[in-house]
Amino acid sequence: MVDGQPTPDAAPRRTRAFEWRWYLVPAALIGVLAGVGSYTFVYAKGYSYLTNDPAACANCHVMNEQYDGWTRGSHRAVAVCNDCHTPKGVIGKYVTKANNGFWHSFAFTTGWYPEHIRATPRNKAITEASCQKCHADMTAAIQPHHPKSEPMSCVRCHDSVGHLR
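If you're wondering where the values come from, they're calculated on a predicted model, not measured in any experiment.

(A) How the structure looks around the overall build of the chain. Each helix and strand counted, the chain has 7 helices and 0 strands in total. When the elements of the chain are put in sequence order from the N terminus, they spell out α-α-α-α-α-α-α. Within the chain, contacts between residues separated by at least 24 positions form 55% of all contacts whose residues are at least 6 apart in sequence. Entry remark: accessible area of the chain is about 12700 Å², with carbon and sulfur atoms responsible for 65%.

(B) Summary view of the side chain of E128. Turning to its location among the elements, E128 is positioned in helix α5 (residues 121-134). Summary of buried charges: E128 has no salt-bridge partner, and the nearest side chain of opposite charge, R156, is 8.4 Å away. For E128, the side chain forms a polar contact with the main-chain nitrogen of C154, separated by 2.8 Å. Apart from residues no more than four positions distant in its own chain, E128 is found in contact with M152, S153, C154 and V155.

(C) Representation of helix α2 (residues 64-72). Buried within α2 we find Q66, G69 and W70. The buried residues of α2 occupy an angular sector of 100° when the element is viewed end-on, so they sit on one face.

(D) Quick look at the environment of T139. Examined against the element boundaries, T139 turns out to sit in helix α6 (residues 136-142). Residues T139 and C154 lie 15 residues apart in sequence; the distance between their C-alpha atoms is 8.7 Å. Ignoring any residue separated from it by four or fewer positions in sequence, one finds T139 in contact with Q132, M152 and C154. A distance of 3.3 Å separates a polar side-chain atom of T139 from the backbone oxygen of A136.

(E) Here's a closer look at a nonpolar patch on the surface. Together, F41, Y47, L50, V90 and Y94 make up an exposed nonpolar region whose accessible area comes to about 510 Å². Take L50: it is sitting in the loop between α1 (10-43) and α2.

(F) A look at helix α4 (residues 90-110). The end-to-end C-alpha distance of α4 is 30 Å, a good match for the 30 Å that 21 residues give at a rise of 1.5 Å each. As for α4, its buried residues are in contact with α3 (81-85) and α5. Immediately beyond the C-terminal end of α4, within one or two residues, lies G111, with a positive phi of roughly 80°.

(G) The packing of aromatic side chains, seen in detail. Applying the stated criterion across every chain, the model contains 6 aromatic pairs. Their ring planes at 10° and their centres at 5.8 Å tell us that Y39 and Y43 sit as a pair that is stacked. Pair noted here: Y39 and Y43 are both in helix α1, with a separation of 4 residues, about one helical turn. In terms of burial, Y39 and Y43 fall into one category: exposed. Summarising the aromatic geometry, the rings of W103 and F106 are spaced 5.7 Å apart at their centres and angled 80° between planes, so their arrangement reads as edge-to-face.

(H) Geometry of the packing of α4 against α5. Relative to each other, α4 and α5 sit at 140°, their axes nearing to 12 Å. Taken together, α4 and α5 sit at an angle that is classed as oblique. As for the relative orientation of α4 and α5, their crossing is left-handed in sense. Here T96, N99 and N100 of α4 come into contact with α5, specifically with R122, N123 and I126. Residue classes in the contact of α4 with α5 are distributed as 1 nonpolar, 4 polar and 1 charged.

Reading the values: rules and limits
Residues numbered from 1 in each chain as written. Predicted model: local features only at pLDDT ≥ 70, side-chain atom pairs only at ≥ 80, totals over all residues. Heavy atoms only, no water. Helix = DSSP H or I, 4+ residues; strand = E, 2+ residues; numbered from the N terminus. Contact = heavy atoms within 4.5 Å. Areas by Shrake-Rupley, 256 points an atom, 1.4 Å probe, with all protein chains shown as cover. Buried < 20%, exposed > 50% of the residue type's maximum accessible area, 1.4 Å probe, protein only. Lys, Arg positive; Asp, Glu negative; His and termini not counted. Salt bridge = Lys/Arg side-chain N within 4 Å of Asp/Glu carboxyl O. Polar contact = N/O pair within 3.5 Å; in protein donor to acceptor, adjacent residues only side chain to side chain. Arc of directions from axis to C-beta. Patch = residues over 30% accessible without salt bridge, like charges linked within 9 Å, V, L, I, M, F, W, Y side chains within 5 Å. Expected span 1.5 Å × (residues − 1). Phe/Tyr/Trp six-rings, centres within 6.5 Å; stacked < 30°, edge-to-face > 60°. Axes fitted to C-alpha atoms, helices over the stretch in contact; angles between N-to-C directions. Parallel < 35°, antiparallel > 145°, perpendicular 65-115°, else oblique. Left-handed = near helix turned anticlockwise from the far one by under 90°. Nonpolar A, V, L, I, M, F, W, Y, C, P; charged D, E, K, R; others polar.

These values are about where atoms sit, not about what they do.
Here it is as structure tokens:
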């Protein structure tokens, strides 16, 4: 300040400092989220979920019963978890895996999961479509005799086939 008047450089410096804050806060938040996300991904063996290995489903101890049942079940020789629980196609498969992975890890981390794991309506529909695709010869023969009032559901009667209960 000279004679009560601000110098020409004072205003731009204050504006530049103010602008930098708007960049630092989001950058710090992104850094923290990326760090926590990376740590969690490594700690929770997130990379294993990108594979077809059924053991990845047992990374979370809540799924041990389903994994153990699958190892003793009839489908073990012909199907892995992804064959029944993800839709056909790479995009659908990984969108479903990402969606399920996020919500499963959220529920497990917060403790907000039911004692007995239950499939969502979307996941039930994916599993049902998988049954009907693999067993198309049988389901095509049953479909004409099935009551039109209710949708055909393989897992309603065969709920223990994929993984024993």
